[in-house]
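These are the residues of each chain, in order.
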Amino acid sequence: MIRRFLDRWRHDLRVKVATFDATDPVGADGARPRPPPDHIRRVNSAEKAVPSVFLHSGATDLLAIVAALADAVESRSEGEALPFPARPTVMELGCGVGRLLRHAPTPALARVVATDVNVESLEWCRTNLPGVEYHHHSRLPPIASLPAMSINIIYAHSVFTHIPLEHQLAWLREMERVLRPGGWLAVTFLGREQQEALLDAEQRASLSVDGAIQIHPEWAPGSSEGPVAYGAVCQTIAHQETTVATVFALGVRRVRHGRQDVLVVRRR
Ligand SMILES: C[S@@+](CC[C@H](N)C(=O)[O-])C[C@H]1O[C@@H](n2cnc3c(N)ncnc32)[C@H](O)[C@@H]1O
């Protein structure tokens with residue numbers, strides 16, 4: 001059942017990306033509103049404020065995640081198959097202004113849940129991307145309004161690249177709490193080329209010695225609504241996988257040159 005669901009979602013995204021490649025994504029995306037460029041720049045990198053880049057990158061990043069999930073499910077042994085609902089619950093942690101969320105499955109195919117720490121971004125999505133259940137949370141778990149074991153699949157794009165290192169394990173444990181047993185989590189990390197471009201020689205040396213380094217995690221004092229400017233958390237692959245494997249069973253990694261790598265793991 002999960003294979004059929006992921007195959008369908010991956011197919012739909014491939015069709016969308018092919019359409020965006022062949023024509024102007026803005027014309028092809030239909031009449032749904034896009035966030036104001038200023039708001040996009042506060043959440044994503046500046047080039048994403050260009051409408052065609054915002055739309056194309058969101059569909060491509062989500063396709064990479066869904067393809068990695070499909071690969072992970074494909075590679076597991078048949079004997080492990082667990083019941084999977086005909087209409088699963090899919091969650092995006094840290095949806096921002098809906099760059100990926102706007103390409104999520106339709107309500108007919110899945111119940112879609114989206115969360116974020118940033119009230120302004122979540123409100124923009126709530127107003128402009130209907131058919132999704134929204135949950136606000138603080139910088140630290142739990143997502144109080146989400147019951148345990150209520151989600152089948154979670155993805156988080158460019159979120160563990162910003163959650164401070166000292167909070168990452170707590171967020172992984174929260175993902176474990178809300179996932180059903182056997183549920184899947186896809187998280188992204190800055191790829192090797194992105195880290196090299198971001199770090200100076202001294203920082204690269206610290207990364208290889210310590211396995212991780214965080215740059216400018218600037219939060220407004222006392223704010224629970226999000227960082228004033230996003231810093232970046234860089235981790236070696238070994239550091240990422242050691243941390244994630246504390247909580248989850250490792251699945252597959254999809255390396256994306258010049259983009260964020262996708263790591264798929266499974267709740268034990
Ligand atoms: C770089 S944005 C990515 C947004 C979206 N996933 C995308 O790829 O376009 C990071 C998002 O993670 C959210 N976030 C959620 N929980 C967070 C936390 N504990 N620390 C930092 N950022 C968090 C931020 O508010 C922001 O919307």
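Each remark here, short or long, concerns the structure printed above.
What counts, and where the lines are drawn
- Residues numbered from 1 in each chain as written.
- Predicted model: local features only at pLDDT ≥ 70, side-chain atom pairs only at ≥ 80, totals over all residues.
- Helix = DSSP H or I, 4+ residues; strand = E, 2+ residues; numbered from the N terminus.
- Rg over C-alpha atoms; globule rule 2.2 N^0.38 Å.
- Buried ≥ 20, exposed ≤ 12 C-beta atoms within 10 Å, placed from the backbone.
- Contact = placed C-beta atoms within 7 Å.
- Core = buried A, V, L, I, M, F, W, Y, C linked by C-beta atoms within 7 Å.
- Arc of directions from axis to C-beta.

Novice: Any details on the overall build of the protein? Residues and values, ideally.
Specialist: Helix and strand counts for the protein stand at 9 helices and 11 strands. A compact globule built from 268 residues would reach a C-alpha radius of gyration of about 18 Å, and the protein, at 18 Å, matches this within 12%. C-alpha extents for the protein along the principal axes are approximately 50 × 45 × 35 Å. For the protein, buried positions account for 40% of its 268 residues. Look at the contacts in the protein between residues 6 or more apart in sequence, and 68% of them connect residues 24 or more apart.

Novice: Tell me about the nonpolar core, and name the residues and values.
Specialist: Membership of the largest hydrophobic core comes to 66 residues, with the highest contact counts inside it found for Leu69, Ile154 and Ala186. For this core, the element with the most residues is helix α4 (residues 51-75), which contributes 12 residues. Residues in contact with Leu69, not counting those within four places in the same chain, are Leu6, Ile153, Trp184, Ala186 and Val264.

Novice: Lay out unusual backbone geometry in plain terms, naming residues and giving numbers.
Specialist: Along the chain, Pro141 connects to Pro142 via a cis peptide bond; the corresponding omega equals 10°. By secondary structure assignment, the location of Pro142 is in the loop between β3 (133-136) and β4 (151-156). Although it is not a glycine, Met149 sits at a positive phi angle of roughly 55°. Looking at the element boundaries, Met149 is found in the loop between β3 and β4.

Novice: Residue-level account of helix α5 (residues 119-128), with values.
Specialist: Taken as a whole, α5 has its buried residues at Ser121, Leu122, Trp124 and Cys125. End-on, the buried residues of α5 take up no more than an arc of 155°, which puts them together on one face. Exposed positions of α5 whose direction lies more than 90 degrees from the buried face are Val119 and Thr127. Turning to α5, the residues buried within the fold contact α3 (37-43), β2 (111-116) and β3.

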